[in-house]
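# Summary of structural features
Here's the letter readout for the chains.
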Amino acid sequence: MEPKGEPQGRNGGEPEREGPDFLAGGGALGQLIAAHDWPSTPLGPLSSWPGHLRTTVGLLLRSPVPIVTLWGEDGIMIYNDAYSVFAGGRHPRLLGSKVREGWPEVADFNDNVMKVGLAGGTLAYRDQELTLHRHGRPEQVWMNLDYSPIPGVDGRPAGVIAIVVETTGKVRAEGELRVTAEALATLNAELGQRVEERTRERDRMWRLSTDIMLVAGFDARIEAVNPAWTALLGWGETELLGQDFMAFIHPDDSAATLAEVGSLSSGRTTLRFENRYRRKDGTYRWLSWTAVPDKRFIHAVGRDIQAEKEAAETLRRTEEALRQSQKMEAVGQLTGGIAHDFNNLLTGITGSLELLRTRLAQGRLADLDRYIATAHGAAGRAAALTHRLLAFARRQTLDPRPTNVNRLISGMEELIRRTVGPAVAVEVVGTAGLWPVLVDPNQLESALLNLCINARDAMPDGGRITVETANRWMDEHMARERDLPPGQYLSLCVTDTGTGMTPEVIERAFDPFFTTKPLGQGTGLGLSMIYGFVRQSGGQIRIYSEIGQGTTVCLYLPRHHGAEDAAESAAALAAAPRAERGETVLIVDDEPTVRMLVTEVLQELGYTALEAGDGTAGLRALRSDARIDLLVTDVGLPGGMNGRQLADAARVTRPGLRVLFITGYAENAVLGNGHLEPGMHVLTKPFAMEALAGRIRDLIEGGA
Ligand code: ADP
Ligand code: MG
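Keep in mind it's a predicted model, so treat the numbers as computed, not measured.

With that out of the way, let us pick up the site of ligand 1. Within the structure, ligand 1 sits among 20 residues, and Asp496, Thr515, Thr516, Lys517 and Gly524 are positioned closest to it. The side chain of asparagine 454 places a nitrogen or oxygen atom 2.9 Å from an oxygen atom of ligand 1. Secondary structure elements with two or more residues in the shell around ligand 1: helix H13 (441-457) and helix H16 (526-536).

In an α-helix, one turn spans 3.6 residues, which is why side chains three or four residues apart end up on the same side. If you check which residues of helix H19 (residues 643-653) are buried, you get Gly643, Arg644, Leu646, Ala647, Ala649, Ala650 and Arg651. Check the buried side of H19 and you find it contacts strand S18 (584-588), helix H18 (615-623), strand S20 (630-634), strand S21 (658-663) and strand S22 (680-684). The N-capping residue of H19, defined by a side-chain oxygen 3.0 Å from the backbone nitrogen of arginine 644, is asparagine 642.

Turning our eyes to something else, we now look at the confidence of the model for the protein chain. Predicted confidence across the protein chain gives a mean pLDDT of 86, with 92% of residues reaching 70 or more. In the model, residues 1-16 has pLDDT below 50 throughout and makes 23 contacts with residues more than four positions away in sequence or in other chains. Across residues 565-579, where pLDDT falls below 50, the model places 19 contacts with residues more than four positions away in sequence or in other chains.

This model, assessed by the stated rule, comprises 32 salt bridges. Residue arginine 272 pairs with glutamate 274 through a salt bridge whose shortest N-O separation is 2.7 Å. Across the salt bridge formed by glutamate 313 and arginine 317, the nearest N and O atoms sit 3.3 Å from each other. Highlighted residues: glutamate 313 and arginine 317, both in helix H10 (residues 306-362), separated by four residues, approximately one helical turn. Using a relative accessible area of 26% as the deciding quantity, one classes glutamate 313 as partly exposed. Through salt bridges with shared partners, a single network forms among Arg134, Glu139 and Glu166.

Another aspect to go through is a nonpolar patch on the surface. On the surface, a cluster of nonpolar side chains totalling about 190 Å² of accessible area is made up of Val65, Ile163 and Val165. The topology assignment puts valine 165 in strand S5 (residues 157-166). By relative accessible area, which is 37% here, valine 165 ends up partly exposed.

Another aspect to go through is the side chain of asparagine 275. Tracing the chain through its elements places asparagine 275 in strand S8 (residues 270-278). Given a relative accessible area of 2%, asparagine 275 falls into the buried group. Engagement of the side chain of asparagine 275 in a polar contact is seen with the side chain of threonine 257, the distance being 3.2 Å. Polar contacts involving the side chain of asparagine 275 include one to the side chain of tryptophan 289, which spans 2.9 Å.

On to the pairing of S20, then. A large share of S20 lies buried, amounting to five of its five residues. In this sheet, S20 lies alongside S18 in parallel orientation, the contact comprising four bridges. Within S20, the position partnered with valine 588 by the bridge is threonine 633. Bridge count for S20 against S21 is five bridges, and the pairing is parallel. Within S21, the residue paired with leucine 630 across the bridge is arginine 658. Tracing the backbone out of S20, into H19 and back to the parallel element S21 gives a crossover that is right-handed.

A separate point is the sheet that holds S20. Pairing in this open sheet of five strands is parallel, and the strands run S19-S18-S20-S21-S22 from one edge to the other. One side of each edge strand has no neighbouring strand; the edge strands of this open sheet are strand S19 (608-612) and S22. Sheet twist, expressed as the mean angle between neighbouring strand axes with direction ignored, is 20 degrees. Relative to the sheet, H18 contacts S18, S19 and S20, its axis offset from that of S18 by approximately 160 degrees. Packed on one face of the sheet, H19 meets S18, S20, S21 and S22 and runs near 155 degrees to S20.

What follows concerns the pairing of strand S3 (residues 123-133). For S3 and strand S4 (residues 138-151), the ladder comprises nine bridges, and the chain directions are antiparallel. Each bridged residue has a counterpart across the sheet, and for threonine 131 the counterpart in S4 is glutamine 140. Here S3 folds back onto S4, and the loop between the two strands holds four residues, one of which, glycine 136, carries a positive phi near 75 degrees.

Glancing now at the environment of alanine 626. Tracing the chain through its elements places alanine 626 in the loop between H18 and S20. With relative accessibility at 29%, the residue alanine 626 sits in the partly exposed group. Distance from alanine 626 to leucine 610, taken between C-alpha atoms, is 9.7 Å for residues 16 residues apart in sequence.

Rules used in this analysis
- Residue positions are given per chain, counted from 1 along the sequence in the order it is written.
- Here every chain gets a letter starting at A, and every ligand a number starting at 1, in the order they are written.
- Selection of residues for local features in this predicted model requires a pLDDT of at least 70, selection of side-chain atom pairs for listing and counting requires 80 or more, and totals for whole chains, interfaces and linings are taken over all residues.
- Derived side-chain values reflect all non-hydrogen atoms in the structure, with water molecules and hydrogen atoms excluded from consideration.
- If even one non-hydrogen atom of a residue comes within 4 Å of a molecule or strand, that residue is called near it.
- As used in this structure description, the phrase polar contact means that two N or O atoms lie within 3.5 Å; if the pair is within protein, one of them must be able to donate a hydrogen and the other to accept it, and residues adjacent in sequence are counted only when both atoms belong to side chains.
- Each helix is a run of DSSP H or I of at least 4 residues and each strand a run of E of at least 2, with the numbering of both proceeding from the N terminus.
- The buried label applies to any residue whose accessible area, calculated with a 1.4 Å probe on protein chains only, is under 20% of its type's maximum; exposed applies above 50%, and partly exposed to all values in between.
- Contacts were defined at the residue level, with two residues in contact if any of their heavy atoms lie within 4.5 Å.
- pLDDT measures the predictor's confidence residue by residue and takes values from 0 up to 100.
- Between Lys or Arg on one side and Asp or Glu on the other, a salt bridge is scored when a side-chain nitrogen of the former is within 4 Å of a carboxyl oxygen of the latter.
- Like-charged residues are merged into a patch within 9 Å and nonpolar side chains (Val, Leu, Ile, Met, Phe, Trp, Tyr) within 5 Å, provided each residue has over 30% relative accessible area and no salt bridge.
- Each accessible area value is a Shrake-Rupley result obtained with a 1.4 Å probe; residue values ignore everything except the protein chains displayed when judging cover.
- Pairing between strands is defined by DSSP: at least two bridges between the two strands are required.
- Whether a crossover is right-handed comes down to one check: with the strands pointing away from the viewer, does the path from the first strand over the helix to the second run clockwise; if it does, it is right-handed.
- Here an angle of 0 to 180 degrees is reported between the N-to-C directions of two axes, which are lines fitted to C-alpha atoms, with helices fitted over the stretch in contact.

Spelled out as structure tokens, the structure:
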């Protein structure tokens, strides 16, 4: 159909430059249409275009939506700016061309559009896929296409109007979205599978673990157990679930386990906690636990450490056995040494006695003194030996006095010089203002002499001995080094310029009977005795020595806070004088020979002696109104009352009664560890009869 007829409108037959009104404001296409050679198309010159054609073109030129109109049987194309963008390289050739020629690649599609449209039908496509050549190459595109007929003058369709909206971008995006979604779905599926696998692995671990696993409440109720429980402890799952796990724990471990559960319930984890679990057969097994709490449960893993524990126990026993055998060796050495020395001394005593008997039987009475002296000397040495042993055992009965050590040393200086001989120089350096100490002065003298003899022995070619005293304040560190409580000490050091000692000798020097000296010269009891005495006095002894340089041995003794006892000095034992008339001594001892000997000595001295065999008899005498100037009593007594209790009871009725305890050993505690009340004294067995006589006389005179 070709619109023909007279040109209409204001412009009439005027040649058109700007184009007719309906094209004005129609954008770039408005101008192109105005300039197009329409007379050579079926539509004819613009001026001849009928009203519906003009109206339709005017309308589409003003639309922002891509619109193309296809006129007549051939579908002559007129479109707007938006469509020209869509047409790409086809524009501007498409303008005024037949649709079949304009879009040859989709000619069939457009044939159908034309057929339907010109017959008055409409077509609508959503995301229609087409391949177009818009930019010199095939291009896959998607479009929403809406076709409807344009009614002509007679009402019959004169053309088709197409609204073209390209949806390629949207379709592509949707496609990508779909791909992404699919990938996501695949990924999800894989993830699910992996989670499932992991769960399976976790379950496998739970099933196959040789460690026992436990989930339990903070109330110790068992919620879950793994099969290792059965393998390791013999319990089946049903025997455990719902039970209190505390019921399976060794009674000795239950307090610690409860504490650990408490700690878990406050949110702390357990890193290594050991306890014993009861097996079904009644035996126990050591387990080592790690555990973590969450809001409701404890999750715990327990490892069997029974074998480790047993191995550690075996090692501990081995060590113990070794220590025990070392101890036995030391005891063997000690007893062997004592037996050896005692046999020698006994030989001296029994031999002398035998000879004495023989001479007496033969009536040869001259020269008997010699044998008596030999036996007496051997017995004396035996007594000294037991004394040293007791000193080492820290069981000697000490008689501690507040002592001025400088004064004690100066009293000994002459004796030391004579003992070490002229080849050894002796120097004494006494610190002024030296603190007093509380020690048994006789023992300290003996210790000092022993140290000087050791120093002399280490200097066979002569040398120098320095005896030095000092006040020492020991802080925490120094005290710990010397195994003493911190505080104030006095030090008494003896230094020589002798051979020195190897570390091995230093290590063993305090062992009883340890000596490096030839047989007959060393007893190995000197340092051991000093050690025992010093330790018993609350002090310490240390050796500092260098081979070839010399040795320093230091005694540390705790400072005594209090006045020193000026009266205490070695009492010179003069010939025992005879007693004043009527002076009476009560002797209490369960050993008749001791009583007899003491009584004899007392009578020799002219004292009246009263005897009692136990505490009760002694007390009876003390409660009587008999004159008693001195009580001499053994400490260990039969009859439920010891010597100390007897003395205390006696002082109730006889306040200030003078007392002399005679004691064998280890009765320090009974005697108040040296802290005796005034007027109470100690004499250690065995004692020489002269010593006893001297003490008794001193005590009676001192109280007079
Ligand atoms: P003894 O003197 O009878 O051998 P001790 O117990 O007094 O016994 O000493 C033990 C050992 O310690 C000595 O045999 C000696 O080896 C060593 N010793 C002690 N004092 C010194 C010292 N001043 N110099 C070198 N060695 C010493
Ligand atoms: Mg010695």
